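Residue strings, one per chain:
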There are 2 protein chains.
Amino acid sequence: MEFRMQAIGHVESPYTSEEQIPKGRGAKHEAEGFLVLAPEFAEGLLDIEGFSHLFVIWVFHRSQGFSLLAHPPTASRPHGVFATRSPRRPNPIGLTVVKLLGREGNRLRVKGVDMLDGTPILDIKPYLSSVPEVDLRRGWLDEE
Amino acid sequence: MEFRMQAIGHVESPYTSEEQIPKGRGAKHEAEGFLVLAPEFAEGLLDIEGFSHLFVIWVFHRSQGFSLLAHPPTASRPHGVFATRSPRRPNPIGLTVVKLLGREGNRLRVKGVDMLDGTPILDIKPYLSSVPEVDLRRGWLDEE
């Protein structure tokens, strides 16, 4: 089954190459940037200011092909790609939670950018609830 | 810019029609189901058991067309589609956080399903961190 997706806008980010993006467990993403919607989609942002945080769904547009095993920089051995954030996924979709700082028309100023400058955006959604930290388990079991 | 995405698997859910799915602010999603990966992608699940919660990125496969304004059942007036969870989005992508209960080969037993039975899955990612509840603001400003 195949699905066609279109960019609704792009990211303006301080990062122009992969190496500049902080990686690994506990990496801080404090960078500010903009989510810029194509003007024809700007109406879809009405009332978005009511949310402090947003999900951004985007495309790893520079990634080519995929591998079912990935070896993150912080891991001692390869793990399944779905247990990692590797860009080389069957569908090269990225997901980032950003903090909404403000809106200027079709431009959202956000904090927590970890995408490259020019990254195509597929969707923006309100971040509604979170799993309490105390309930989270995260890590490959032998590397906790 | 257009991107082609393929289903990597599908959801087995108790819900066979939209009306059965709890909706609106505070809706509880306690339903259990399975994320079933196509066998050729199963290797990508290696070590996924290390995570208690997963992001599932999927397709609103029954949704047709989109509207930039959406009127959620709980809202008093329409809001921008990107400030809602409406299925009628420019890219009909859904996002759900589920709790991983167990794995049986290419089948992940999960809790928190809010998709229809047969929903195509595009990606699965580990849920790594959450925004503390106290830092969240969510809602359309005049309806808090």
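Residues numbered from 1 in each chain as written. Chains lettered and ligands numbered in written order. Predicted model: local features only at pLDDT ≥ 70, side-chain atom pairs only at ≥ 80, totals over all residues. Heavy atoms only, no water.

Regarding the side chain of Ser-86 of chain B
Next, step 1: Note on placement: Ser-86 of chain B falls in the loop between β6 (79–80) and β7 (93–104).
Next, step 2: Ignoring anything within four residues of it in the chain, the contact list for Ser-86 of chain B reads Phe-60, Ala-70 and Val-81 of chain B. (Helix = DSSP H or I, 4+ residues; strand = E, 2+ residues; numbered from the N terminus. Contact = heavy atoms within 4.5 Å.)

Re the relation of the copies chain A and chain B
Next, step 1: Expressed as a screw transformation, the operator carrying chain A onto chain B has a rotation angle of 180° and an axial translation of 0.0 Å, and the superposed copies differ by an RMSD of 0.0 Å. This pairing of chains is accounted for by a two-fold axis. No C-alpha of chain A lies nearer the rotation axis than that of Arg-4 of chain A, which sits 2.3 Å from it.
Next, step 2: A share of 100% of interface residues in chain A that are also interface residues in chain B marks the association as one of identical surfaces. (Least-squares fit on C-alpha atoms with pLDDT ≥ 70 in both.)

Notes on the interface of chain A and chain B
Often, the extent of an interface is quoted as the loss of accessible area upon association of its parts.
Next, step 1: In this complex, chain A contributes 66 residues to the contact, which on the side of chain B involves 66 residues.
Next, step 2: Both sides of the chain A and chain B interface together cover about 6,300 Å² of buried area, and 59% of this is carbon and sulfur.
Next, step 3: The largest per-residue losses of area from chain A upon contact with chain B belong to Phe-3, Met-5 and Phe-82 of chain A, which jointly make up 13% of the total buried on that side.
Next, step 4: Counting every contact that joins chain A to chain B gives six salt bridges.
Next, step 5: Of the charged contacts, one joins Arg-77 of chain A and Asp-47 of chain B as a salt bridge, the two residues approaching to 2.9 Å between their closest N and O atoms.
Next, step 6: Inspection of the region where chain A meets chain B yields 33 residue pairs in polar contact (both at pLDDT 80 or more). (Buried area = accessible area lost by both parts, 1.4 Å probe. Salt bridge = Lys/Arg side-chain N within 4 Å of Asp/Glu carboxyl O. Polar contact = N/O pair within 3.5 Å; in protein donor to acceptor, adjacent residues only side chain to side chain.)

Regarding the sheet that holds strand β4 (residues 53–59) of chain A
Residues and elements named next belong to chain A.
Next, step 1: Taken in spatial order, the six strands of this closed barrel run β2-β3-β8-β7-β4-β9, and their pairing is antiparallel. Ignoring which end each strand starts from, the neighbouring axes of this sheet average 45° apart.
Next, step 2: In this structure, strand β7 (residues 93–104) lies alongside strand β8 (residues 107–111), joined through five bridges in antiparallel fashion. Of the residues in β8, the one forming a bridge with Glu-104 is Arg-107. (Pairing = 2+ DSSP bridges. Axes fitted to C-alpha atoms, helices over the stretch in contact; angles between N-to-C directions.)

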